[in-house]
Amino acid sequence: MSDQLIDWVAIRQAAIAALDHAYVPYSNYPVGAAALTDDGRIVSGCNIENASYGVTLCAECAMVGDLHMGGGGKLVAFVCVNKDAETIMPCGRCRQLLYEHSAEGMILDTVSGLRTIDQVLPDAFGPRDLEAVASPRKDER
């Protein structure tokens, strides 16, 4: 999808709206995430902390849950914001999560400007790698 066809304002507004639902009693650092899907929906999520910090859910996790609850699809454009509505960068774990659910060439609004998923997670391992291994080898056909 061309960057010119993406309503970045609407995606950012959805990410900002998600901030109101964040559960952040430990860090007091709400995060909102939103993305445009390949069928035109906007999905969103917020971070949900836990007293056992390791099981805290990032906003991107909740957003991917919203993606699948709404019928699935692939992400084509993504925004993540902090409580001041400033663009923030997804952590490494979340970049992998985004890659897993991205359309080829997905665009992210990052602290460095617009970047593709391949630019923010170069040489990523994902579903296409697994499909290649699951296919019969040439000598097995």
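Below or above, wherever it landed, is the structure these notes cover.

Criteria and thresholds
Residues numbered from 1 in each chain as written. Predicted model: local features only at pLDDT ≥ 70, side-chain atom pairs only at ≥ 80, totals over all residues. Heavy atoms only, no water. Helix = DSSP H or I, 4+ residues; strand = E, 2+ residues; numbered from the N terminus. Rg over C-alpha atoms; globule rule 2.2 N^0.38 Å. Buried < 20%, exposed > 50% of the residue type's maximum accessible area, 1.4 Å probe, protein only. Areas by Shrake-Rupley, 256 points an atom, 1.4 Å probe, with all protein chains shown as cover. Lys, Arg positive; Asp, Glu negative; His and termini not counted. Charge placed at Lys NZ, Arg CZ, Asp CG, Glu CD. Core = buried A, V, L, I, M, F, W, Y, C linked by side-chain atoms within 4.5 Å. Contact = heavy atoms within 4.5 Å. Axes fitted to C-alpha atoms, helices over the stretch in contact; angles between N-to-C directions. Parallel < 35°, antiparallel > 145°, perpendicular 65-115°, else oblique. Left-handed = near helix turned anticlockwise from the far one by under 90°. Arc of directions from axis to C-beta.

## Some details on the overall build of the chain
So, point 1. Scanning the chain from terminus to terminus reveals five helices and five strands.
So, point 2. Moving toward the C terminus, one meets the helices and strands of the chain in the order α-β-β-α-β-α-β-β-α-α.
So, point 3. For a compact globule of 141 residues, the expected C-alpha radius of gyration is about 14 Å, and the chain comes in at 16 Å, within 12% of that figure.
So, point 4. Overall, the chain is about 55 × 40 × 30 Å in size when its C-alpha atoms are taken along their principal axes.
So, point 5. Split into buried and exposed, the 141 residues of the chain put 39% on the buried side.
So, point 6. When the accessible area of the chain is evaluated, it comes to approximately 8000 Å², of which 54% is carbon and sulfur surface.
So, point 7. Here the chain holds 11 positive side-chain charges and 19 negative ones, and the gap between their average locations is 5 Å.

## Considerations on the nonpolar core
So, point 1. Counting 20 residues, the largest nonpolar core has Met-63, Leu-75, Phe-78, Leu-98, Met-106, Leu-108 and Ile-117 as its most contacted members.
So, point 2. Among the secondary structure elements, those contributing two or more residues to this core are β1 (32-37), α2 (59-69), β3 (75-81), α3 (92-100), β4 (102-110) and α4 (117-120).
So, point 3. Residue contributions to this core peak at four residues, all from α2.
So, point 4. Here Leu-98 is in contact with Glu-60, Met-63, Leu-75, Phe-78, Pro-90, Met-106, Leu-108 and Ile-117, once residues within four sequence places are set aside.
So, point 5. In this structure, Ala-15, Leu-19, Ala-34 and Ala-77 belong to the second largest nonpolar core, which totals 14 residues.

## Structural notes on the environment of Thr-116
So, point 1. By the secondary structure assignment, Thr-116 is in strand β5 (residues 113-116).
So, point 2. Accessibility expressed as a relative area gives 26% for Thr-116, which makes it partly exposed.
So, point 3. With 40 residues separating them in the primary sequence, Thr-116 and Val-76 have C-alpha atoms 9.5 Å apart.

## Section: unusual backbone geometry
So, point 1. Here the phi dihedral of Asn-28 falls at roughly 55 degrees; this positive angle occurs in a residue that is not glycine.
So, point 2. Among the secondary structure elements, Asn-28 is positioned in the loop between α1 (8-18) and β1.
So, point 3. Positive phi, normally seen in glycine, also occurs at Ala-85, with a value near 65 degrees.
So, point 4. For Ala-85, the location among the structural elements is in the loop between β3 and α3.

## Considerations on the packing of α2 against α3
So, point 1. Across the interface, α2 lies against α3 with an axial gap of 9 Å and an inter-helix angle of 20 degrees. When the axes of α2 and α3 are compared, the pair comes out roughly parallel. Here α2 runs over α3; the crossing is left-handed. Where α2 approaches α3, its residues Glu-60, Cys-61, Met-63 and Val-64 are matched on the opposing element by Arg-93, Cys-94, Leu-97 and Leu-98.

## Considerations on α3
So, point 1. Those residues of α3 lying buried are Cys-94, Leu-98 and Tyr-99. In an axial view of α3, the angular spread of the buried residues amounts to 145 degrees, which keeps them on one side of the axis.
So, point 2. Elements in contact with the buried residues of α3: α2, β3, β4, α4 and α5 (127-134).

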